[in-house]
Amino acid sequence: MCAGGIFATALGCPAWDAAFHGSLVVAIVSQKGNYIVVAADSREVDESDTPIDDKSCKVIALGGNTLFFETGTPLIIVRRGKSWNAQDVARAVYRESKKRDARDLSITWGDRALSWFDAQSEADLKSVSEAKGGIITGGFINFKEGKNPSIQTQEITFSARNHTLTRGLASEPPALGQVMFSGVGKNLIEEFFAGKTLRALRAFSSVETVHRVGVNSRVDARLARKAIQFAIANETGRDKNTIGGPIDVAILRKDGTIEWISRKKACYALDEAAGRR
């Protein structure tokens, strides 16, 4: 008898190859609203939380003026039917959009994600959902009409208790000078930026005081990196293996330019080229 899995066939045998997940993304919005810093780890794990590699690209550029990030289960490879790829959907949504407003992009992406997961069985949904029901979070970042910074997220969640699949805001858009984070290790990111424990004070003291968050883009880039490193170093239990590897860091500025402070070379191939339709 075959083990269960995503897209189980009528014979009861799994028709899927793999489901990959994991991620931690940190974003800092400047106090003046003139830049946004985004950082992410590189760890990819399988459905049993066993590390696969540290080469995953959690943040990609769309058209040169928009960033997309993902946490949760961004990739499910199946043998039959259409596989799930959060970045493929993001690129398609961006290409087809006329306004390319972060909110509109995120809602359209969320609708398509909901449609894909809604076609799966409850057993399959439960197998890829986290403890609180989260399956996948996708976020679009740009400057609304070239003026205000905008981080818009959508999360697909499944409730085994209520037998429901839903789409909605993963979190409220952060205000100026605020920090936003998504994925595993969120309690540690909160601890880091609160700066009240000895280990948190030691971690960011060499970078800048926490009261200076959102003032200098270079400092914020280092802080975002340090925050993820802090989570990697201090995470315990089930999530310990799900974050790690090199940390990609980008600065999106009000003029629409993206500066990569650090990035794996292979990730550039995943970007959606500017002007492509």
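The structure under discussion appears in the preceding block.
Presented here is an overview of the structure given in this document. (Residues numbered from 1 in each chain as written. Predicted model: local features only at pLDDT ≥ 70, side-chain atom pairs only at ≥ 80, totals over all residues. Heavy atoms only, no water.)

The next subject is the overall build of the chain. Counting secondary structure elements, the chain contains six helices and 15 strands. Across the 277 residues that make up the chain, the buried fraction comes to 50%. Residue pairs in contact within the chain that sit at least 24 positions apart in sequence constitute 63% of those at least 6 positions apart. Carbon and sulfur atoms make up 49% of the accessible area of the chain, which amounts to about 13,200 Å² in all. (Helix = DSSP H or I, 4+ residues; strand = E, 2+ residues; numbered from the N terminus. Buried < 20%, exposed > 50% of the residue type's maximum accessible area, 1.4 Å probe, protein only. Contact = heavy atoms within 4.5 Å. Areas by Shrake-Rupley, 256 points an atom, 1.4 Å probe, with all protein chains shown as cover.)

With that settled, the discussion passes to the sheet that holds strand β14 (residues 248-253). Read across the sheet, five strands follow the order β13-β2-β3-β14-β15 without closing on themselves; strand pairing throughout is antiparallel. With one partner strand each, in any of the chains shown, β13 (179-183) and β15 (258-262) form the two edges of the open sheet. Neighbour-to-neighbour, the strand axes of this sheet turn through a mean angle of 15°, independent of strand direction. Across four bridges, the pairing between β14 and β15 is antiparallel. Looking at the pairing, Ala 250 lines up with Trp 260 of β15. Against the sheet, helix α4 (residues 186-194) engages β2 (24-29) and β13, with an angle of about 160° to β13. Sheet strands in contact with helix α6 (residues 217-234) are β2, β3 (35-40), β14 and β15, and its direction is about 25° off that of β3. (Pairing = 2+ DSSP bridges. Axes fitted to C-alpha atoms, helices over the stretch in contact; angles between N-to-C directions.)

Let us look at unusual backbone geometry. One non-glycine residue, Asp 49, lies in the positive phi region at around 65°. Note that Asp 49 resides in the loop between β4 (44-45) and β5 (51-53). Unusually for a residue other than glycine, His 163 sits at a positive phi of about 60°.

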